[in-house]
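# Architecture and fold: a report
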Amino acid sequence: MNLAEYDPLRGRRVEVLDFTGNIIAPDVRPDDLSDDYLLDLYDRMVFLRVADQQALTLQRAGRMGTYAPTLGQEAANIGSAAVLQEGDWVVPSFREMGAMLLRGVPLQLIYMYWMGSEWGSHFPENVRVLPICAPVGTQTLHGVGLAWAAKLKGEQTVTLIYFGDGATSKGDFHEAMNFAGVFQTPCVFFCQNNQYSISVPRSTQTAAPTLAQKAIAYGFPGVMVDGNDILAVYAATKEAAAHARSGRGPVLIEAQTYRLGPHTTADDPSRYRSAEELKAQEPYEPLPRVRLYLEKKGLLTPAAETERWERYQTLVKEEAKKAEAAIPLRPDDIFDYHYATLPPYLAHQKDYLHRILASSGEGTDGQA
Amino acid sequence: MAKLNMVEALNLALKEEMSRDERIILLGEDVGRLGGVFRVTDGLQALFGPNRVVDTPLAEAAIVGTALGLALGGFKPVPEIQFMGFLPAALDQIICHVSRYRNRSRGRYTLPMVIRLPYGAGIHAPEHHSESTEAILAHLPGLKVVIPSTPYDAKGLLVSALRDPDPVVFLEPKRIYRAVREEVPEGDYTIPLSTAKIVRAGDAVTVVAWGSMVREAVRAAELVAPEGIAAEVIDLRTIAPMDDETIVASIRKTGRGVIVHEACRTGGLAAEIMARIQEKAFLSLAAPLERVTGFDTIVPLLKLEDYYLPDPHRISRAIRKVVRF
Ligand SMILES: Cc1ncc(C[n+]2csc(CCOP(=O)(O)OP(=O)(O)O)c2C)c(N)n1
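All of the points below concern the structure found in this document. Just so you know, these numbers come straight off a predicted model, no measurement behind them. (Residues numbered from 1 in each chain as written. Chains lettered and ligands numbered in written order. Predicted model: local features only at pLDDT ≥ 70, side-chain atom pairs only at ≥ 80, totals over all residues. Heavy atoms only, no water.)

## Focus on the overall build of chain B
For chain B, the count of helices and strands is twelve helices and 14 strands. In summary, chain B has a C-alpha radius of gyration of 19 Å against a globular reference of 20 Å for 325 residues, a match within 12%. Burial status across chain B gives 62% buried among its 325 residues. Across chain B, contacts joining residues at least 24 apart in sequence account for 83% of those joining residues at least 6 apart. (Helix = DSSP H or I, 4+ residues; strand = E, 2+ residues; numbered from the N terminus. Rg over C-alpha atoms; globule rule 2.2 N^0.38 Å. Buried < 20%, exposed > 50% of the residue type's maximum accessible area, 1.4 Å probe, protein only. Contact = heavy atoms within 4.5 Å.)

See the structure below:
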């Protein structure tokens, strides 16, 4: 695949597998993405879907806090992160559970984060994924810095930076793109354009017809891709990562997808988008087309499919239980991680909390 | 008269004032079609149109920075920042420009604008959604900072802010957005900025609070009342420029004081209030002042959040301590 053939100003986007399960651009499909590997990635998408549904169930049952679902964005999540190699970094925003899982963050930790524990951001040592980033767009700069560090150290690694369409309106995003261009940092900017920033449609974020074209102003390639087509996402990200890895600088990918669920569990999308609009999008969602393709190839039987979903449904329930059991309810944790050594005034405040907890609601030990 | 919660009272204030003054423009993320993530601007776009209730791109610095230009251009912008945790990007505009324009132009330019934002912890929100960094704002010369604690006050204070010639930051304690309903009249009434309110009278100790901590302070006063301690609770309502006269007058009567805020302790506003009491009423003091505050830590995520916030128990302990000194 040649990035130069997808000049966003000419409106062409990367598409490989159409929504009926037919390969429409066999030459764009990367050689290493065999049918067996595709089955593997499909499996990861199903796992993400089930883990996502479980999070919604947990939230509704009061076992999880506010949660940002990935429904409909499985191909963008999995197809992109799948191209990474050992040593590469993932810099997520907050709708990348699939990419995080694929790069080694245990589901248990992601659940712990959304359940409201900082321990959910304490990833294993060997996992090169930054914690979830709630302030929109700010993480794009961190990703450029990570990529810059790799370049300075002479590492052949790539940093994959995720963000949404709304984030492209923030100054941080433009500053990150500019630094990446100026310092030729080995990173891929991966925009999950799910068409909404809470209630605000993509058309309100920018007067430009595409987000991908923003790269042109910063002096590097931008490419649009059907974000619901995992083959296209994989192909484009693979090419972009190879570009960055070989020292040719950053690439911006605009993965055009659609957020099928609410912005978060606190959101009511019926206030700003119609049921008809949602219905019209459903046929394009990422899973069925892969399923159709794999069925045609004889790689997916109904029995195996049922077994897969059931297995994951059991697994995610177990992960949720493990997450709940693993969350320490230790008030000391509030104080102990701000500095390498606890300063005396914080130690004093910690003592105070201990005294408060030891005293009954009505009592007093004479010390406030 | 309708019984409204704070969200509804703020909505009514905006609606009435926008009808009265067509220069008012609301702008921010999700304020239009959605009516704001907390619904404070619900229905206003339908009423006043998309030119006066504007859904903007996601960019806090731009929302406040362009509001400044709109104000210079003759409008009264009301930018909304969706959560206080996302204020920092706009602080550049607020610190470098919004708060300075009048002074640096020697009054040639004024900036009538009201920056609204929900703030504070206690609703089990995600990371970065529980901040109360009001002391940063109160520290800035040229800025007014208002914090209501009841629906009635919220309306009267917001109308005053909207009629003020200078920039006002209006902080909305989201924990009590829907906590109580009270009678909120339609039509014109205002509560002057920089006036504190005695919400419970007493002569044994003065307790100063604002936002969602007022309710906690009142509950603490109720806790100690059976012990014969009559606590006077003051709702500061405007933290900058603050009405220290009301505080000092109360301290002269009680001789004892407790200041409560949910923000971090170090550099928090309690320190400023204690300094002013010390400057103006040192000889009236019968005991060292106490403060009950959030810890000098990041607000914990929801599993530990309840340990963070000052509550009636903590406040009552401080009250007893200063009374028994
Ligand atoms: C700086 C900042 N402003 C506002 C918010 C509140 N907020 C959270 S997500 C969001 C919309 C983000 O839209 P987009 O970048 O398209 O990503 P999506 O949520 O659609 O994945 C907003 C406004 C925030 N988290 N950070």
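Resuming the write-up.
## A look at the sheet that holds strand β11 (residues 231-235) of chain B
Residues and elements named next belong to chain B. Reading across the sheet, the five strands line up as β9-β11-β10-β13-β14 and stay open at both edges, with mixed pairing between neighbours. Taken across any chain shown, the strands that pair with only one partner, and hence form the sheet edges, are β9 (197-200) and β14 (290-293). Each strand of the sheet is rotated relative to its neighbour by a mean of 25°, with strand direction disregarded. (Pairing = 2+ DSSP bridges. Axes fitted to C-alpha atoms, helices over the stretch in contact; angles between N-to-C directions.)

## A few points about the side chain of E16 of chain B
Residue and element names in this part refer to chain B. The residue E16 is located in helix α1 (residues 6-20) in this model. Separated by 2.9 Å, the side chains of E16 and K155 make a polar contact. At a separation of 2.8 Å, a polar atom in the side chain of E16 contacts the main-chain amide nitrogen of G187. Excluding residues within four positions of it along the chain, E16 makes contact with K155, E186 and G187. (Polar contact = N/O pair within 3.5 Å; in protein donor to acceptor, adjacent residues only side chain to side chain.)

## Here's the deal with the environment of T206 of chain B
Residues and elements named next belong to chain B. Its place among the elements puts T206 in strand β10 (residues 205-209). Residue T206 is classed as buried on the basis of its relative accessible area, which comes to 1%. Placed 104 residues apart in sequence, T206 and P310 show a C-alpha to C-alpha distance of 17 Å. For T206, the contacting residues outside a window of four places in its chain are E232, I234, S250, I251, T254, R256, G257 and V258. Polar contacts involving the side chain of T206 include one to the side chain of S250, which spans 2.7 Å.

## Quick look at the interface of chain A and chain B
Many descriptions give the size of an interface as the accessible area lost when the pieces come together. Counting residues at the interface gives 51 residues for chain A, matched by 41 residues for chain B. Linking chain A to chain B there are two salt bridges. The salt bridge involving K170 of chain A is made with E60 of chain B; its shortest N-O contact spans 3.9 Å. On inspection of chain A and its partner chain B, the count reaches twelve residue pairs in polar contact (both at pLDDT 80 or more). (Salt bridge = Lys/Arg side-chain N within 4 Å of Asp/Glu carboxyl O.)

## A short note on the sheet that holds strand β4 (residues 187-193) of chain A
Residues and elements named next belong to chain A. A sheet is described by the order of its strands in space; here six strands give the open sequence β1-β7-β8-β4-β3-β2, paired in parallel fashion. Looking at strand neighbours, the two that pair on one side only are β1 (13-14) and β2 (89-91), the edges of this open sheet. Sheet topology note: the β4/strand β8 (residues 251-256) ladder contains six bridges and is parallel. Each bridged residue has a counterpart across the sheet, and for C191 the counterpart in β8 is E254. Lying over the sheet, helix α6 (residues 171-183) contacts β3 (159-164), β4 and β8, oriented at roughly 150° with respect to β4.

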